[in-house]
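Now for the letters of each chain:
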Amino acid sequence: MGLFKNLFKQTAIYGLATVLPRMFSFLLIPLYTKLLPKADYGQVTVVFAYMIFFNVLLAYGMETAFFRFYNKETDKKNVIETSMITIFWTTLLFLTLALLFRYQLSEWSGVDVQFITYSIWILALDAFVIIPFSKLRANQLPLNYALIKIGNVVVNLVLNLFFLLVLPKISAANSDSFWSTLYIENYQIGYIFISNVLASLLTLVALSPDYFKVNWHFDYQLWKRMMHYGLPVLVAGIAFAINEQFDKILLAKLLPKSIADAEVGVYAACYKLGLFMVLYRTAYTLGIEPFFFSHASNENAQQTYATITKYFVIFGSFLLLVVIVFADLFKQIMIPNTSYWEAMKVVPLIILANFFLGIYTNLSVWYKLIDKTYIGAYISILGAVVTLGLNFWLIPLIGYYGSAIATIGAYGSMMFVSYYLGNKYYPIPYEINKIAAYLGLSTSFSIVSFYFFRENYFVGVTLIVVLLLFTYFNEKKVLLSFVKRKKIN
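Reading the values: the criteria
Sequence positions are assigned chain by chain, starting from 1 and proceeding in written order. In keeping with the model being predicted, local features are shown solely for residues with a pLDDT of at least 70 and side-chain atom pairs are shown and tallied solely at 80 or more, while totals for entire chains, interfaces and linings include all residues. For the side-chain quantities, the full set of heavy atoms in the structure was used; hydrogens and water were omitted. Per the convention used, a helix needs a DSSP run of H or I reaching at least four residues, while a strand needs a run of E reaching at least two, with both numbered from the N terminus. Classification of residues uses two cut-offs on accessible area relative to the type maximum, computed with a 1.4 Å probe and protein chains only: under 20% is buried, over 50% is exposed, and between them is partly exposed. The contact criterion used throughout is that any non-hydrogen atoms of two residues lie within 4.5 Å. Accessibility throughout is a Shrake-Rupley quantity obtained with a 1.4 Å probe, and a residue counts as covered only by protein chains that appear here. Here a polar contact is recorded for every N or O atom pair within 3.5 Å, except that within protein the pair must consist of a potential hydrogen donor and a potential acceptor, and residues adjacent in sequence are included only if both atoms are side-chain atoms. For a helix, the expected span equals 1.5 Å multiplied by the number of residues minus one. Within this document, salt bridges are pairs made up of a side-chain nitrogen of Lys or Arg and a carboxyl oxygen of Asp or Glu, the two lying within 4 Å of each other. The quantity known as pLDDT measures the predictor's confidence residue by residue, on a range of 0 to 100. A cavity here means a set of points on a 1 Å grid, drawn over the protein atoms and nothing else, where a 1.4 Å probe fits but cannot get out; a pocket is an open set with protein on both sides within 12 Å along at least five of seven lines, and a residue lines either one if it has an atom within 4 Å of a point. Grid points are joined across faces, edges and corners, and a volume is the space filled by probe spheres set on the points. Three classes are used: nonpolar for Ala, Val, Leu, Ile, Met, Phe, Trp, Tyr, Cys and Pro, charged for Asp, Glu, Lys and Arg, and polar for all others, with Gly counted as polar. The criterion is simple. A nonpolar core is a set of buried Ala, Val, Leu, Ile, Met, Phe, Trp, Tyr and Cys residues joined through side-chain atoms within 4.5 Å. A pair of Phe, Tyr and Trp rings is counted when the ring centres sit within 6.5 Å of each other, with Trp represented by its six-membered ring. The angle between the planes then sorts it: under 30 degrees is stacked, over 60 is edge-to-face, the rest tilted. Working rule: Lys NZ or Arg CZ, within 6 Å of ring centre, within 35 degrees of ring normal, means a charge sits over the ring. Inter-axis angles, ranging from 0 to 180 degrees, are taken between N-to-C directions of lines fitted to C-alpha atoms, where helices are fitted over the stretch in contact. Comment on the angle field: the value is read as roughly parallel under 35 degrees, roughly antiparallel over 145, roughly perpendicular from 65 to 115, and oblique elsewhere.

All right, on to the overall build of the protein chain then. From N to C terminus, the protein chain includes 22 helices and zero strands. Of all 489 residues assigned to the protein chain, the portion counted as buried reaches 53%. At a minimum sequence separation of 6, the contacts of the protein chain that also span at least 24 residues come to 84%. For the protein chain, the accessible area works out to roughly 22400 Å², and carbon and sulfur atoms hold 67% of it.

Here we come to the side chain of Ser200. Here Ser200 shows up in helix H9 (residues 188–207). Given a relative accessible area of 5%, Ser200 falls into the buried group. A polar atom in the side chain of Ser200 sits 2.9 Å from the side chain of Asp126. If we ignore the near neighbours within four places in the chain, the residues touching Ser200 are Ile122, Leu125, Asp126 and Asn152.

The end-to-end C-alpha distance of H9 is 29 Å, a good match for the 28 Å that 20 residues give at a rise of 1.5 Å each. With respect to burial, H9 is a largely interior element, 14 of its 20 residues being buried.

This paragraph deals with the pattern of salt bridges. The tally for this structure, following the rule as stated, stands at ten salt bridges. Ionic pairing is found between Arg454 and Asp328, a salt bridge with its closest N-O pair at 2.8 Å. Taken together, the residues span a long stretch of sequence, with Arg454 in the loop between helix H20 (432–452) and helix H21 (457–474) and Asp328 in helix H15 (residues 327–334) at a distance of 126 residues. Close ionic contact of Lys434 with Glu431 constitutes a salt bridge, the shortest N to O distance being 3.9 Å. Given a relative accessible area of 25%, Lys434 falls into the partly exposed group. You can call Glu431 partly exposed: its relative accessible area is 32%.

When pLDDT is averaged along the protein chain, the result is 85; 89% of the residues meet or exceed 70. By mean pLDDT, the top-scoring element of the protein chain is helix H6 (residues 113–128) (94), and the lowest-scoring one is helix H22 (residues 476–488) (59).

This part covers the layout of surface pockets. Volume-wise, the second largest pocket comes out at about 380 Å³. Contributing to the lining of the second largest pocket are 18 residues, with Gln43, Val46, Ser109, Gly110 and Asp261 lying nearest its centre. Among the elements of the structure, helix H2 (38–59), helix H11 (220–254) and helix H12 (257–271) are those that each provide at least two residues to the lining of the second largest pocket. It is H2 that contributes the most residues to the lining of the second largest pocket, five residues altogether. A per-class count over the lining of the second largest pocket returns eleven nonpolar, three polar and four charged.

Let us now look at the nonpolar core. In this structure, Met62, Phe66, Tyr267, Phe355 and Ile359 are the most contacted members of the largest nonpolar core, which totals 143 residues. When residues of this core are assigned to their parent elements, the largest contribution, twelve residues, is made by helix H16 (residues 347–363). Ile359 has contacts with Phe312, Val313, Met415 and Leu439, leaving out every residue within four places of it along the chain.

The next point concerns the packing of aromatic side chains. Under the criterion given, the structure shown has 29 aromatic pairs. For the ring pair Tyr472 and Phe473, a centre distance of 5.4 Å and an interplane angle of 70° mean the geometry is edge-to-face. Residue Tyr472 is classed as partly exposed on the basis of its relative accessible area, which comes to 33%. Cluster of aromatic residues (ring-pair linked, three or more members): Phe88, Trp89, Phe128, Tyr211 and Trp216. One Lys or Arg, Lys248, reaches over the ring of Tyr271 and ends 3.6 Å from the middle of that ring.

The next point concerns the packing of H11 against helix H19 (residues 400–425). For the pair H11 and H19, interaxial distance at closest approach is 10 Å and the crossing angle is 170°. Accordingly, the angle class assigned to the pair H11 and H19 is roughly antiparallel. Packed against H11, whose contacting residues are Phe240, Asn243, Glu244, Asp247 and Leu251, the element H19 presents Tyr400, Ser403, Thr407, Ala410, Tyr411 and Met414 at the interface. Residues of the contact of H11 with H19, tallied by class, amount to six nonpolar, three polar and two charged.

What follows covers the side chain of Asp210. Within the secondary structure layout, Asp210 lies in helix H10 (residues 209–213). When its relative accessible area of 12% is taken as the criterion, Asp210 is described as buried. The residues touching Asp210, leaving out its near neighbours within four places in the chain, are Met84, Pro132 and Lys135.

The next subject is helix H7 (residues 130–138). Taking burial as the measure, the nine residues of H7 include eight buried ones, the bulk of the element. Taken together, the buried positions of H7 are occupied by Ile130, Ile131, Pro132, Phe133, Ser134, Leu136, Arg137 and Ala138.

The N-to-C vectors of H11 and helix H18 (residues 373–398) enclose an angle of 10°; their axes lie 7 Å apart at closest approach. The angle between H11 and H18 falls in the class roughly parallel. Per-class residue counts for the contact of H11 with H18 are 19 nonpolar, seven polar and one charged.

This paragraph deals with the environment of Trp341. Looking at the secondary structure, you find Trp341 in the loop between H15 and H16. Through-space distance from the C-alpha of Trp341 to that of Tyr267 is 9.0 Å; in sequence the pair is 74 residues apart. Discounting residues that sit within four places of it in the chain, Trp341 has contacts with Cys270, Lys331, Gln332 and Ile335. Within the local environment of Trp341, its side chain forms a polar contact with the backbone oxygen of Ile335, the two atoms lying 2.6 Å apart.

A word on the environment of Leu250. Locating Leu250 in the fold gives a position in helix H11. Look at Leu250 and you get buried, because its relative accessible area is 5%. Spatially, the C-alpha atoms of Leu250 and Val264 are 9.4 Å apart, while their sequence positions differ by 14 residues.

Put into structure tokens, the structure is as follows:
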């Protein structure tokens, strides 16, 4: 039980580092949807969607390679230095070239050049801290990691509130003040990017001591092995970026220009209601990836992975149902502007899709542990093909609802294919019947609640209670044994 207790502790802290920033970001969603027209919010969404792709390119799988070789190599300092040096120089090269060609990038993307410039700086600043953050996780310093992550988002939140709410009022009250010289009318999108630039800059300052500690020793042979391991992860990352973000870009491209930005805006706003499952999945992933690698050599590693996966599904199934039952209450908090509510019908699909992605994260441990990351790349490419195919087919027919269907189709196919291949290459004794029962019951209850008894909270709460009772009777022995252990201790 000590093993799981340690995992739970780290996951809880990493979860805090994920949940609190996202909760702070929560406040930005009602702010943006209240102050920005749907079309403007759609434009911001598309720019950040492009940035996700460049985030993946600038990391090029080095983060995952770092974890693998940090746990595998005896000279850990060599791994740190080689990783930091390669990220530093490639990021510096990107920054130089991107700034030189920013006007061409603006013309190609259709995004104003000043927003392109802000985006380039955000991307570079965030890339510089990839290895310092990874080092904190590898050294099991989740509190340090959490404080810096939370600090980044607090700064971003405060600056957004200042620029979008406070500064206009100061300028209107005293047009001759210093602060009024900072105010630009109808520049809300620009202020959003400026806030992100400043937050990323302060994060780099906080982690910059790591760069001063580096001896700048570069091990070329180690670098080649890390790149060989990491490049398939890059391919997988690009495919994941397509699965997560390309729907917004395609909506902007495939829908008529007169409605495209507004449709992206409402879709992106309601998509955010999937945040709860994203938080659960992300916090878990941050804690579990180092755990998987560090316990790979244990005799009962496969049984441990199977048990962890089952309980991930149990908690996720409960979360899925709760969020969908109360989705219409959450929307009033997160999206106070009723003009955005037209896309609410995508919410159950988005939440379930993110749950599938979380299950896939568990199932994908096998190809990382046996150093066959290229298989993960193939699976991700499959998901990307499904995403692109369904989006191109369905967007012209049913708009953003087609994008939601594509998302669940992509992650569902990846989940099933990973399970099938995992049984072949690295068999893990998953309790498939129980996992399928929890997932199936939760999904069925969610469909009934949202599509047949929407906002009928008597029915919704009853379904939640039934799921809890089902879980209790199936896991009764484990729960009772855990309680007995607690009493003994």
